[in-house]
Amino acid sequence: MAEPGTRAAEAVADRGWRLRHLPVLLAAVAVVAAVAAVAGGVWRGADGALGAAAGVAVTAASYTLTTVVLAWADARDPQLVLPFGLGLYVAKMTALGGVMVLVASTGWPGLIPFCVGVAAGVVVWTGVHIWWLATVHARRHAR
């Protein structure tokens, strides 16, 4: 087990660790957005393509915002992570819920593909993030 403060000193020495995984995650969701656009287009035409790709994009933007804000908070003071994380979560879910209600009231045919795109983005982002932590990040800390 490492001495207390060792990990904090390593984190200060390697400031980029909090965001190092972001390019890999963004590349993965870009591929999923392209696949979702094609699938949505086959399923529901242009509205389906736009909805599915937008759903993945909204998920990627949400997770990227969270990653950047929490990295910033953690770099300032680790005790800021919880309040910033919870506040950001409440704000994002409120905004997403409001947008979904507004879009649903229009009867737009891309709404269901949008929801499927959000779900696909969540699954891929989470899966790639787990892969990153279990392989790339774990190897870096095993040295």
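As the structure is a prediction and not an experimental result, all values here were calculated from the model.

Engineer: Quick one: what's the story with the overall build of the protein, residue by residue and with numbers?
Structural biologist: Within the protein one finds four helices and zero strands. Counted from the first residue to the last, the protein has its helices and strands arranged as α-α-α-α. When the 143 residues of the protein are sorted by exposure, 28% land in the buried category. Within the protein, counting contacts between residues at least 6 apart in sequence, those at least 24 apart form 69% of the total.

Engineer: Describe in detail the packing of aromatic side chains, supporting the description with residues and values.
Structural biologist: Evaluation of the coordinates by the stated rule reveals two aromatic pairs. For the cation-ring pair, Arg44 lies above Trp43, with the distance from its terminal atom to the ring centre recorded as 4.9 Å.

Engineer: Run through the UniProt feature "transmembrane region" (unreviewed entry) in the protein, naming residues and quoting values.
Structural biologist: The positions UniProt marks with the feature "transmembrane region" (unreviewed entry) are residues 24-43, 49-73, 80-105 and 111-134. Within the segment residues 24-43, helix and strand shares are 100% and 0% respectively, and the terminal C-alpha atoms sit 28 Å apart. Counting secondary structure, residues 49-73 comes out at 100% helix and 0% strand; the distance between its end C-alpha atoms is 36 Å.

Engineer: I'd like to hear about helix α3 (residues 81-106), residue by residue, with values.
Structural biologist: The end-to-end C-alpha distance of α3 is 37 Å, a good match for the 38 Å that 26 residues give at a rise of 1.5 Å each. Immediately downstream of α3, the backbone of Gly107 shows phi near 75°, a positive value.

Engineer: Describe the side chain of Thr59, and please don't skip the residues or the numbers.
Structural biologist: Looking at the element boundaries, Thr59 is found in helix α2 (residues 22-76). A residue is classified by how much of its surface remains accessible, and Thr59, at 5% relative accessible area, is buried. Contact partners of Thr59, with chain neighbours within four places excluded, come to Gly117, Val118, Gly121 and Val122.

Engineer: Residues and numbers for α2, please.
Structural biologist: Across its 55 residues, α2 extends only 20 Å between first and last C-alpha, which sits more than 12% below the 81 Å expected from 1.5 Å per residue. Within α2, the axis deviates most sharply at Arg44, by approximately 150°.

Engineer: Outline the nonpolar core, supporting the account with residue identities and numerical values.
Structural biologist: Formed by Leu22, Leu25, Ala28, Val29, Val32, Ala33, Ala36, Ala52, Val56, Ala60, Trp125 and Val128, the largest nonpolar core amounts to twelve residues. Where this core is concerned, the elements lending two or more residues are α2 and α4 (111-142). The element contributing the most residues to this core is α2, with ten residues. With sequence-adjacent residues up to four places away left out, Ala28 is seen in contact with Val124 and Val128.

Engineer: Can you tell me about the packing of α2 against α3, naming the residues and giving the values?
Structural biologist: Packing of α2 against α3 leaves a shortest axis separation of 9 Å and a crossing angle of 160°. With respect to each other, α2 and α3 are oriented roughly antiparallel. For the pair α2 and α3, the crossing hand works out as right-handed. Where α2 abuts α3, its residues Val58, Ser62, Leu65, Thr66, Val69, Leu70, Trp72, Ala73 and Asp74 lie against Val81, Phe84, Gly85, Leu88, Lys92 and Leu96.

Conventions we followed
- Residues numbered from 1 in each chain as written.
- Predicted model: local features only at pLDDT ≥ 70, side-chain atom pairs only at ≥ 80, totals over all residues.
- Heavy atoms only, no water.
- Helix = DSSP H or I, 4+ residues; strand = E, 2+ residues; numbered from the N terminus.
- Buried < 20%, exposed > 50% of the residue type's maximum accessible area, 1.4 Å probe, protein only.
- Contact = heavy atoms within 4.5 Å.
- Phe/Tyr/Trp six-rings, centres within 6.5 Å; stacked < 30°, edge-to-face > 60°.
- Lys NZ or Arg CZ within 6 Å of the ring centre and 35° of its normal.
- UniProt positions renumbered as here; feature names shortened; annotations may be inferred.
- Expected span 1.5 Å × (residues − 1).
- Bend = angle between axes of the 7 residues up to and from the residue.
- Core = buried A, V, L, I, M, F, W, Y, C linked by side-chain atoms within 4.5 Å.
- Axes fitted to C-alpha atoms, helices over the stretch in contact; angles between N-to-C directions.
- Parallel < 35°, antiparallel > 145°, perpendicular 65-115°, else oblique.
- Left-handed = near helix turned anticlockwise from the far one by under 90°.

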